[in-house]
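Breakdown of the fold
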Amino acid sequence: MTGRGSRLTVLAGPTAVGKGTVAAYVRMHHPEVWISVSATTRPARPGEVEGRHYHFVSDAGFDAMVARGDLLEWAVVHRAWRYGTPRRPVEEALAHGRPALLEIDLQGARQVRASMPDALFVFLKPPSWEELVRRLVGRGTETPEERVRRLETARAELAAETEFDVTVVNTEVPVAAEELVALMTGPPRAPSP
Ligand code: 5GP
């Protein structure tokens, strides 16, 4: 298997690298790509639509999904809310031969790596460490301690690049998104030696 048989792609990368923005660009410009809608215990932000951005569920609802085995992977993100990928829609998209994309955090990506090793794992990387720092602390609303913690997390997350099949650098969102789609829909990768 080269990994393209399943046509499942996992997009992950450090916090604030712009995964969500890249996925939103793909959603808008590439209707042929199916993008998973995650379940989360996080409350909806203004403008977010149930079933489109997320399935917003209660703690008990999330517990039930976990207990039933409904989630392909799940994780607590930013030590706050739980996020998970509903399994059945992914399987249905793949059964219909649609290229499928999961935009999830690193912990989730590792779980999918364990359960679906044939998927294509794409690491989204910032153009430089300085740029990631700028995107991370740009709002300037964090305390100094929080800022140090976020930077430490980002450094550890960047080190995960070697776990992935391919890296896409997010300098310009449209360019990174097109590169991602080309990887998803392009010819099979050569098997590793
Ligand atoms: P936000 O709350 O800003 O929408 O997302 C926060 C983080 O949750 C992002 O890093 C995103 O990649 C991650 N995330 C979203 N959905 C899932 C999911 O289904 N599983 C995992 N493991 N992470 C997710």
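The notes below deal with the structure included here. No experiment lies behind these values; they were computed from the predicted model shown.

**Some words on the pattern of salt bridges**
If the charged atoms of two oppositely charged side chains come close together, the side chains can form a pair. Applying the stated criterion to the full structure yields 12 salt bridges. Linking K125 and E161 is a salt bridge whose minimum nitrogen-to-oxygen distance equals 3.4 Å. One end of the pair, K125, is in strand 8 (residues 120-125); the other, E161, is in the loop between helix 6 (144-158) and strand 9 (166-169), and 36 residues separate them in sequence. For the salt bridge of E146 with R149, the shortest nitrogen-to-oxygen distance reads 3.2 Å. A residue pair is termed a helical-turn pair when its members lie 3 or 4 positions apart in one helix, as E146 and R149 do in helix 6 at 3 residues. R149 gets classed as partly exposed once you look at its relative accessible area, which sits at 30%. By sharing partners, the salt bridges in this structure join D59, D63 and R82 into a single network.

**Some points on the site of the ligand**
Around the ligand lies a shell of 15 residues, among which S38, R42, Y54, Y83 and E103 are the nearest. At a separation of 2.7 Å, a nitrogen atom of the ligand approaches a polar side-chain atom of E73. Look at the ligand: alone it shows 520 Å² of surface, and the protein chains cover 87% of it. Elements supplying a minimum of two residues to the shell around the ligand: strand 5 (71-77) and strand 6 (81-86). Looking at the shell around the ligand, its residues break down into 5 nonpolar, 4 polar and 6 charged.

**Topic: the pairing of strand 5**
When you tally the buried positions in strand 5, you get 5 out of 7 residues, the bulk of the element. Where strand 5 meets strand 6, 6 bridges bridge the pair, whose relative direction is antiparallel. Across the sheet, L71 pairs through a bridge with P86, a residue of strand 6. A loop of 3 residues connects strand 5 with strand 6, the two strands running antiparallel in sequence, and H78 in this loop sits at a positive phi of about 55 degrees.

**Here's the deal with the packing of helix 5 (residues 129-137) against helix 6**
Contact geometry for helix 5 and helix 6: axes closest at 11 Å, N-to-C directions at 135 degrees. By the angle class used here, helix 5 and helix 6 are oblique. Both helix 5 and helix 6 take part in a crossing whose hand is right-handed. Residues W129, L132, V133, L136 and V137 of helix 5 touch helix 6, and the partners they reach there are R147, R150, L151, A154, R155 and L158.

**Examining helix 7 (residues 173-185)**
In a regular helix each residue adds 1.5 Å, so 13 residues correspond to 18 Å; helix 7 covers 18 Å between its end C-alpha atoms and thus fits that length. Among the residues of helix 7, A176, A177, L180, V181 and M184 are the ones counted as buried. Looking down the long axis of helix 7, one finds its buried residues gathered within 135 degrees of arc, a one-sided arrangement. For helix 7, the secondary structure elements touched by its buried residues are strand 1 (8-12), helix 1 (19-29), strand 7 (100-103), strand 8 and strand 9.

**Structural notes on the sheet that holds strand 7**
Spatially, 2-7-1-8-9 is the arrangement adopted by the 5 strands of the open sheet, whose pairing is parallel. Of all the strands in the sheet, just strand 2 (34-35) and strand 9 have a single pairing partner and so form its edges. Both strand 1 and strand 8 contribute to a ladder of 4 bridges, which runs parallel. Residue T9 lies in a different strand from strand 8, and its bridge partner there is L120.

**Comments concerning the packing of helix 1 against helix 7**
Here helix 1 crosses helix 7 at 70 degrees, and the two axes come no closer than 9 Å. In terms of axis orientation, helix 1 runs roughly perpendicular to helix 7. The crossing of helix 1 and helix 7 is right-handed. Side by side, helix 1 and helix 7 meet where T21, V22, Y25 and V26 of the first sit next to V173, P174, A176, A177, E178, L180 and V181 of the second.

Cut-offs and rules
Every chain is numbered independently, its residues counted from 1 as its sequence is written. Side-chain atom pairs in this predicted model are given and counted only at pLDDT of 80 or more, local residue features only at pLDDT of at least 70, and totals for whole chains, interfaces and linings cover all residues. For the side-chain quantities, the full set of heavy atoms in the structure was used; hydrogens and water were omitted. By convention in these notes, a salt bridge is any Lys or Arg side-chain nitrogen within 4 Å of a carboxyl oxygen on Asp or Glu. Note on conventions: DSSP H or I runs of at least 4 residues are helices, E runs of at least 2 residues are strands, and numbering of each starts at the N terminus. Exposure classes here rest on a 1.4 Å probe applied to the protein chains alone. A residue is buried below 20% of its type maximum, exposed above 50%, and partly exposed in between. One heavy atom suffices: a residue is near a molecule or strand as soon as one of its heavy atoms comes within 4 Å of it. N or O atoms within 3.5 Å of each other form a polar contact, as long as, within protein, one can give a hydrogen and the other can take it, and as long as residues adjacent in sequence are counted only when both atoms are side-chain atoms. Throughout, the Shrake-Rupley method with a 1.4 Å probe supplies accessible areas, and for residues the shown protein chains are the sole cover considered. The residue classification treats Ala, Val, Leu, Ile, Met, Phe, Trp, Tyr, Cys and Pro as nonpolar and Asp, Glu, Lys and Arg as charged. All others, Gly included, are polar. Paired strands are those between which DSSP finds at least two bridges. Axis definition: a line fitted to C-alpha atoms, limited for helices to the stretch in contact. Angles are taken between N-to-C directions and run from 0 to 180 degrees. Throughout, the term roughly parallel applies to angles under 35 degrees, roughly antiparallel to angles over 145, roughly perpendicular to angles from 65 to 115, and oblique to all others. The sense of a crossing depends on the near helix, which, turned anticlockwise from the far helix by less than a right angle, makes the crossing left-handed and, turned clockwise, makes it right-handed. For this analysis, residues touch if any pair of their heavy atoms sits within 4.5 Å. The span you would expect from a helix comes to 1.5 Å times its residue count less one. This arc corresponds to the set of directions leading from the helix axis out to the C-beta atoms.

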